[in-house]
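Structural features, examined
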Amino acid sequence: MSLPPNIYLKENGFISCLICSRRCRLKDGEVGFCGNKMAKTVSNELQIVFREVSKIEAFNIDPIEKKPLYHFYPGHSVLSLGLTGCNMECFYCQNFKLSHDRLKFRYLYNENNHYTRNIVNMLDSYNKNNQIIGVAFTYSEPSTWLEFMYPIATKVKEAGYNNIVVSNGMMSQKALDSLLPFIDVANIDVKSFQEKTYHSLGGKLKTVLTTIKRLYQTGVHIELTYLVVPELNDDLDEIRNFVDWVQDSDVNIPIHFTRYFPSFKAYNSPTPLKTLIKSYDIAKDKLNHVYIGNILNHDYQTTYCPNCKSPIIKRNNLQVENQIIKNRCANCREYLYGIFR
């Protein structure tokens, strides 16, 4: 299945990719920033072509809690897959071997690739006990391999499974609108709540916030991740501004503050626990569902009822004890945001 029209724009001997806000403007033979697309003349017509996919670079069955998603079928698993490529340049990237591996462009992508046909067969094969709920497009930035994701997502949806997108939110509205009919849940990684910080990382905060609002307004289940990086986005006033923005959208949107560890080109120390706990306390004062990831204290991965405050989902090393019945607290019957089986 082809991408929707008008995702590329031809003008004056150039062709622009409109999938993200970078809008790479390419001449014949040039490769876009993400490393996945090339401008190429085919049958006397300048086109954007996608690189050959000889293999899926990352492929695993993961607990959905690893995405991280805590309010979407907790205790279940997803088939996670990813290619290389990213449209940002975070110096601390926690998954740089995929995101920053700019492969040499090779061949025209074949949309009838066997992966498209076989993903649903793999889901059916692995889903013996009805524990796998769908496919997570993750590990790197899925929008940079939209040509690969789009046909798979349509087939996954047709087969009755869920599509999960883990993204930096730098998609254009054109790209996002093409995916909305097929996306069930998204975790958006908010890098900072300052435009100047986003600019230094090659992104745009305004685009990310627009993506989050659009997903939420169209009924996609949303959770947000904020990797707290020392001396980059750990200012408590900045975190307060982020929390206030989420509160204005919906106090029930789950927030995951995640501990940073040195990676890629970053050498500063891991996020201090006190910074994470202060961030948690700031958010917990205004939001119903706040978590801390990449630490050993499981109390900060527990879901508490916003009404009676009792622990209703306990998580310990991705082992889940769920006390929610039909989206309601088993103790006080308060309704919980999310989808729970």
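Only a predicted model underlies this, so the values are computations on that prediction, with no experimental measurement involved. (Residues numbered from 1 in each chain as written. Predicted model: local features only at pLDDT ≥ 70, side-chain atom pairs only at ≥ 80, totals over all residues. Heavy atoms only, no water.)

**Here we look at the side chain of Asp184**
Filter applied, for reference: In this text, helices come from DSSP runs of H or I with a minimum length of four residues, and strands from runs of E with a minimum of two, each type numbered from the N-terminal end. Whenever a nitrogen or oxygen atom comes within 3.5 Å of another N or O atom, the pair is scored as a polar contact, on the condition that within protein one atom can donate a hydrogen and the other can accept it, and that pairs from neighbouring residues in sequence are kept only if both atoms are in side chains. We call two residues in contact when some of their heavy atoms are within 4.5 Å.
Examined against the element boundaries, Asp184 turns out to sit in the loop between helix H4 (173-179) and strand E10 (185-189). In terms of polar contacts, Asp184 uses its side chain to reach the backbone amide nitrogen of Asn163, at 2.8 Å. Non-local contacts of Asp184, meaning those with residues more than four positions away in its chain, are made with Phe72, Lys157, Tyr161, Asn162, Asn163, Val220 and His221.

**As for the layout of surface pockets**
Empty space among the atoms becomes apparent when a probe as large as a water molecule is rolled across them. Our working definition: In this analysis a 1.4 Å probe is tested at points of a 1 Å grid over the protein atoms alone, and where it fits but cannot get out there is a cavity; an open set with protein on both sides within 12 Å along at least five of seven lines is a pocket; lining residues have an atom within 4 Å of a point. Grid points are joined across faces, edges and corners, and a volume is the space filled by probe spheres set on the points.
Here the largest pocket defines a volume of roughly 1,200 Å³. Lining the largest pocket are 39 residues, with Lys66, Lys67, Pro68, Gln94 and Thr258 positioned closest to its centre. Elements supplying a minimum of two residues to the lining of the largest pocket: strand E9 (162-167), E10, strand E11 (221-228) and strand E12 (255-259). For the lining of the largest pocket, the element with the highest residue contribution is E12, accounting for three residues.

**Some thoughts on the domain arrangement of the chain**
Note the cut-off: An automatic or database domain assignment is the source of the domain bounds shown. Accessible-area loss on putting two parts together, using a 1.4 Å probe and summing over both, is the definition of buried area adopted here. Put simply, a salt bridge is a Lys or Arg side-chain nitrogen that is within 4 Å of an Asp or Glu carboxyl oxygen.
Here the chain is partitioned into domain 1 (8-51) and domain 2 (54-301). For domain 1 and domain 2, the distance between their C-alpha centroids amounts to 26 Å. Each partner contributes to the interface: domain 1 provides 16 residues, whereas domain 2 provides 29 residues. Of the roughly 2,000 Å² buried between domain 1 and domain 2 on both sides combined, carbon and sulfur atoms contribute 58%. On the domain 1 side of the contact with domain 2, Ile19, Phe50 and Arg51 bury the most area, a combined 37% of that side's loss. Put simply, domain 1 and domain 2 have two salt bridges between them. Of the charged contacts in the structure, one is a salt bridge between Arg22 and Glu89, with a shortest N-O distance of 3.6 Å. Counting across the domain 1 and domain 2 interface gives eight residue pairs in polar contact (both at pLDDT 80 or more).

**Observations regarding unusual backbone geometry**
Using the following cut-off: Each residue is assigned to one of three classes by its accessible area relative to the maximum for its type, calculated with a 1.4 Å probe on protein chains only: buried under 20%, partly exposed between the two thresholds, exposed over 50%.
The amide bond that connects Lys67 to the next residue, Pro68, takes the cis arrangement and shows omega of -10 degrees. Summarising the element assignment, Pro68 is placed in the loop between strand E6 (58-63) and strand E7 (77-82). In this structure, Lys309 is a non-glycine residue whose phi angle is positive, near 70 degrees. With respect to the element layout, Lys309 can be found in the loop between strand E14 (303-304) and strand E15 (311-316). On the basis of relative accessibility, which here comes to 56%, the residue Lys309 falls in the exposed class.

**Focus on the environment of Leu179**
Counting through the fold element by element, Leu179 comes out in helix H4. With relative accessibility at 1%, the residue Leu179 sits in the buried group. Distance in space between the C-alpha atoms of Leu179 and Glu141 is 14 Å, their sequence separation being 38 residues. Not counting residues within four places of it along the chain, the set of residues in contact with Leu179 comprises Leu146, Met149, Tyr150 and Met171.

**A few points about the packing of aromatic side chains**
Definition in use: Here a pair means two rings of Phe, Tyr or Trp (six-membered ring of Trp) with centres within 6.5 Å. Their orientation is stacked below 30 degrees between planes, edge-to-face above 60, and tilted elsewhere. Put simply, a charge is over a ring when the Lys NZ or the Arg CZ is close to the ring centre, within 6 Å, and near the line of the ring normal, within 35 degrees.
Tallied over the entire structure, the rule returns 13 aromatic pairs. For the ring pair Phe91 and Tyr92, a centre distance of 5.2 Å and an interplane angle of 90 degrees mean the geometry is edge-to-face. A residue is classified by how much of its surface remains accessible, and Tyr92, at 3% relative accessible area, is buried. Three or more aromatic residues link up through ring pairs in this structure, and these residues are Phe193, Tyr226, Phe242, Trp245 and Phe257. Against the face of Phe33 rests Arg22, its NZ or CZ located 3.6 Å from the ring centre.

**Thoughts on the environment of Ile119**
Structurally, the position occupied by Ile119 is in helix H2 (residues 114-126). A relative accessible area of 0% places Ile119 in the buried class. Ile119 sits 26 residues away from Trp145 along the chain, and the two C-alpha atoms are 16 Å apart. Look past the residues within four positions of Ile119 in its chain and what remains in contact with it is Ile56, Phe59, Leu81, Val135, Ile152 and Val156.

**Details of empty space enclosed by the protein**
To be explicit about the condition: Three residue categories are used. Nonpolar comprises Ala, Val, Leu, Ile, Met, Phe, Trp, Tyr, Cys and Pro, charged comprises Asp, Glu, Lys and Arg, and polar comprises the others, including Gly.
Applying the stated criterion across every chain, the model contains one cavity of 30 Å³ or more. Taken together, 15 residues form the lining of the largest cavity, with Cys17, Cys20, Cys24, Cys34 and Lys37 sitting closest to its centre. Class assignment of the residues belonging to the lining of the largest cavity gives a composition of eight nonpolar, four polar and three charged. Shared between two domains, the lining of the largest cavity takes at least three residues from each, and those domains are domain 1 (8-51) and domain 2 (54-301).

**Concerning helix H8 (residues 273-284)**
Our working definition: Between the first and last residue of a helix there are one fewer steps than residues, each counted as 1.5 Å, and that sum is the expected span. Each C-beta atom gives one direction from the helix axis, and the arc is the one those directions make.
Counted at 1.5 Å a residue, the expected span for H8 with its 12 residues is 16 Å, and the 16 Å between its end C-alpha atoms agrees. Buried within H8 we find Thr275, Leu276, Ser279, Tyr280, Ile282 and Ala283. One side of H8 carries all its buried residues, which in axial view fall inside an arc of 165 degrees. On the buried face of H8, the contacting elements are E11, helix H7 (236-249), E12, strand E13 (290-293) and E14.

**Section: the pattern of salt bridges**
Evaluation of the coordinates by the stated rule reveals 12 salt bridges. Among the ionic pairs, Lys37 bridges to Glu147, the shortest N-O distance being 2.7 Å. Of this pair, Lys37 sits in strand E4 (residues 37-42) while Glu147 sits in helix H3 (residues 146-158), and the two are 110 residues apart along the sequence. By relative accessible area, Lys37 is classed as buried at 4%. Here Lys157 and Asp184 are joined by a salt bridge, their closest N and O atoms 2.5 Å apart.

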